[in-house]
Amino acid sequence: MRTILITGCSSGIGYHAAHHLKSLGWRVFATCRAEEDVARLNQEGLESLRLDYEEPASIEAAWTEVMRRTDGTLDALFNNGAYAIPALIEDLPVVALRQHFEANLFGWHDLTQRAVRVMREQGHGRIVQCSSVLGFMTTKFRGSYSATKHALEAMTTALRLEMRGTGVHVSLIQPGPIRTDFRLNSRKQFDRWIDWRASPQSARYDKLTQRLYAETAKPDAFELGPEAVTEKLLRALEDHNPKARYPVTKVTVFTALALRVLPARLSEWMMSKG
């Protein structure tokens, strides 16, 4: 039975991927940040553990337990849990940016290093990183999230090159708009860190706050369900020669093409509309 560790499984992409892979016969270790979510997933038949990227001790504990249960082996790792802090760059506290990188990059790196050591020793493995269309472009209010994802893309590319010939394959998944609780999680971070009313550009937050606090948000253009990401995850796990990148949604494909062919000023104008 193949084994996989998936993070960020309380809802959305991680939740769907964990249940679907289990239905296909994988042994899935599904991690969450909150103990109540861990208990819920265990009741649903998954092997769930607590792992919070912002807490190195929780990474150590979860990894140690997975290794104990598998006798020190792991076939695949899917790094997935992440959040956004929507804000204008001038309103983003430095401490918030540091915490954001801890959650979206440094914790991922810690877990990835652990997986690489095991996979190199056993001679095979798959590491899949859930990036974003914002991993290669950015828009207003998304500078912090884009910075973490740009860094993730760079480090993942370097790791993929370094793993050539080891049997360890490394891929990125690049979702566009996916139907998840991402907006609700972003609102929590916005409330925690951003004093937008004191901003010199407070009026520019009108549309953002309307969307963040809307009872029901209008779907984004070309939005897909989390199953679209799971489909690409399966390819990254099962393709004989997995691709470096798996784009998800028309938005990601169109944006990548536009950035290659459009002049810089025109592409920035396009991103300014986001």
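Residues numbered from 1 in each chain as written. Predicted model: local features only at pLDDT ≥ 70, side-chain atom pairs only at ≥ 80, totals over all residues. Heavy atoms only, no water.

### Observations concerning helix H6 (residues 182–193)
Line of reasoning, step 1. With twelve residues, H6 extends 17 Å between its outermost C-alpha atoms, agreeing within 8% with the 16 Å of an ideal straight helix rising 1.5 Å per residue.
Line of reasoning, step 2. Among all positions of H6, only Arg183, Ser186, Gln189, Phe190 and Trp193 are buried. Buried positions in H6, seen along its axis, are confined to an arc of 120° and lie on one side of it.
Line of reasoning, step 3. Elements that come into contact with the buried residues of H6 comprise helix H4 (94–122) and helix H7 (206–212). (Helix = DSSP H or I, 4+ residues; strand = E, 2+ residues; numbered from the N terminus. Expected span 1.5 Å × (residues − 1). Buried < 20%, exposed > 50% of the residue type's maximum accessible area, 1.4 Å probe, protein only. Arc of directions from axis to C-beta. Contact = heavy atoms within 4.5 Å.)

### With respect to the confidence of the model for the protein
Line of reasoning, step 1. Taken over all residues, the pLDDT of the protein has a mean of 95, while the share at 70 or more is 99%.
Line of reasoning, step 2. Within the protein, no element has a lower average pLDDT than helix H10 (residues 264–272), which sits at 75, and none a higher one than strand S4 (residues 76–79), at 99. (pLDDT = per-residue confidence, 0-100.)

### Concerning the sheet that holds S4
As a general point, the strands of a sheet are linked pairwise by backbone hydrogen bonds and lie either parallel or antiparallel.
Line of reasoning, step 1. With parallel pairing, the seven strands of this open sheet are ordered in space as S3-S2-S1-S4-S5-S6-S7. At either margin of the open sheet sits one strand with a lone partner, and together these are strand S3 (47–50) and strand S7 (245–248). Direction aside, neighbouring strands of the sheet carry axes that sit 20° apart on average.
Line of reasoning, step 2. Across three bridges, strand S1 (residues 3–6) lies against S4 in parallel orientation. Bridging from a neighbouring strand, Leu5 pairs with Leu77 of S4.
Line of reasoning, step 3. Against the sheet, helix H1 (residues 12–23) engages S1, strand S2 (27–32), S4 and strand S5 (125–130), with an angle of about 165° to S1. (Pairing = 2+ DSSP bridges. Axes fitted to C-alpha atoms, helices over the stretch in contact; angles between N-to-C directions.)

### Thoughts on the pattern of salt bridges
Line of reasoning, step 1. In this structure the tally under the stated criterion is 16 salt bridges.
Line of reasoning, step 2. For Arg2, the salt bridge identified is with Glu238, shortest N-O distance 3.4 Å. Placement of Arg2 in the segment before S1 and of Glu238 in helix H8 (residues 227–238) is noted, with a sequence separation of 236 residues between them.
Line of reasoning, step 3. Among the ionic pairs, Asp110 bridges to Arg114, the shortest N-O distance being 2.7 Å. Of this pair, Asp110 and Arg114 are both found in helix H4, four residues apart, which corresponds to roughly one turn of the helix.
Line of reasoning, step 4. Linked by salt bridges that have partners in common, Arg27, Glu47, Glu65, Arg68 and Arg69 make up one network. (Salt bridge = Lys/Arg side-chain N within 4 Å of Asp/Glu carboxyl O.)

### Quick word on the packing of aromatic side chains
Line of reasoning, step 1. Counted by the stated rule, this structure contains six aromatic pairs.
Line of reasoning, step 2. An angle of 35° between the planes, with centres 6.0 Å apart, marks the rings of Trp196 and Tyr205 as tilted. This pair shows no difference in class: Trp196 is buried, exactly as Tyr205 is.
Line of reasoning, step 3. Taken together, Phe141, Phe190, Trp196 and Tyr205 form an aromatic cluster joined through their ring pairs. (Phe/Tyr/Trp six-rings, centres within 6.5 Å; stacked < 30°, edge-to-face > 60°.)

### Things to note about the nonpolar core
Line of reasoning, step 1. By size, the foremost hydrophobic cluster in this structure holds 54 residues, and its most contacted members are Ile4, Ile6, Leu21, Val28 and Phe78.
Line of reasoning, step 2. Counting residues per element, this core draws most heavily on H4, at eight residues.
Line of reasoning, step 3. If sequence neighbours within four positions are ignored, Leu21 has contacts with Ile4, Ile6, Trp26, Val28, Leu233, Leu234 and Leu237.
Line of reasoning, step 4. By size, the runner-up hydrophobic cluster in this structure holds 15 residues, among which are Leu88, Ala96, Phe190 and Leu212. (Core = buried A, V, L, I, M, F, W, Y, C linked by side-chain atoms within 4.5 Å.)

### Observations concerning the packing of helix H3 (residues 56–70) against H4
Line of reasoning, step 1. The contact between H3 and H4 brings their axes to 11 Å, and the two run at 25°. Judged on the interaxial angle alone, H4 and H3 are roughly parallel. At the point where H3 passes H4, the crossing takes the right-handed sense. The residues of H4 that touch H3, namely those facing Ile59, Glu60, Trp63 and Met67, are Gly107, Asp110, Leu111, Arg114, Ala115 and Val118.
Line of reasoning, step 2. Across the contact of H3 with H4, the residue classes break down as six nonpolar, one polar and three charged. (Parallel < 35°, antiparallel > 145°, perpendicular 65-115°, else oblique. Left-handed = near helix turned anticlockwise from the far one by under 90°. Nonpolar A, V, L, I, M, F, W, Y, C, P; charged D, E, K, R; others polar.)

### Considering a positive patch on the surface
Line of reasoning, step 1. A cluster of like positive charges, contributed by Lys140, Arg204, Lys207 and Lys273, occupies part of the molecular surface.
Line of reasoning, step 2. When you line up the elements, Lys207 lands in helix H7. (Patch = residues over 30% accessible without salt bridge, like charges linked within 9 Å, V, L, I, M, F, W, Y side chains within 5 Å. Areas by Shrake-Rupley, 256 points an atom, 1.4 Å probe, with all protein chains shown as cover. Lys, Arg positive; Asp, Glu negative; His and termini not counted. Charge placed at Lys NZ, Arg CZ, Asp CG, Glu CD.)

### Re the side chain of Arg126
Line of reasoning, step 1. Mapped onto the elements, Arg126 comes out in strand S5.
Line of reasoning, step 2. Despite being buried, Arg126 has no salt bridge partner; Asp239 is the closest side chain of opposite charge, sitting 6.7 Å away.
Line of reasoning, step 3. Polar contacts involving the side chain of Arg126 include one to the main-chain carbonyl oxygen of Leu237, which spans 3.1 Å.
Line of reasoning, step 4. Not counting residues within four places of it along the chain, the set of residues in contact with Arg126 comprises Asp75, Ala76, Leu77, Met119, His169, Ala236, Leu237, Glu238, Asp239, His240 and Pro242. (Polar contact = N/O pair within 3.5 Å; in protein donor to acceptor, adjacent residues only side chain to side chain.)

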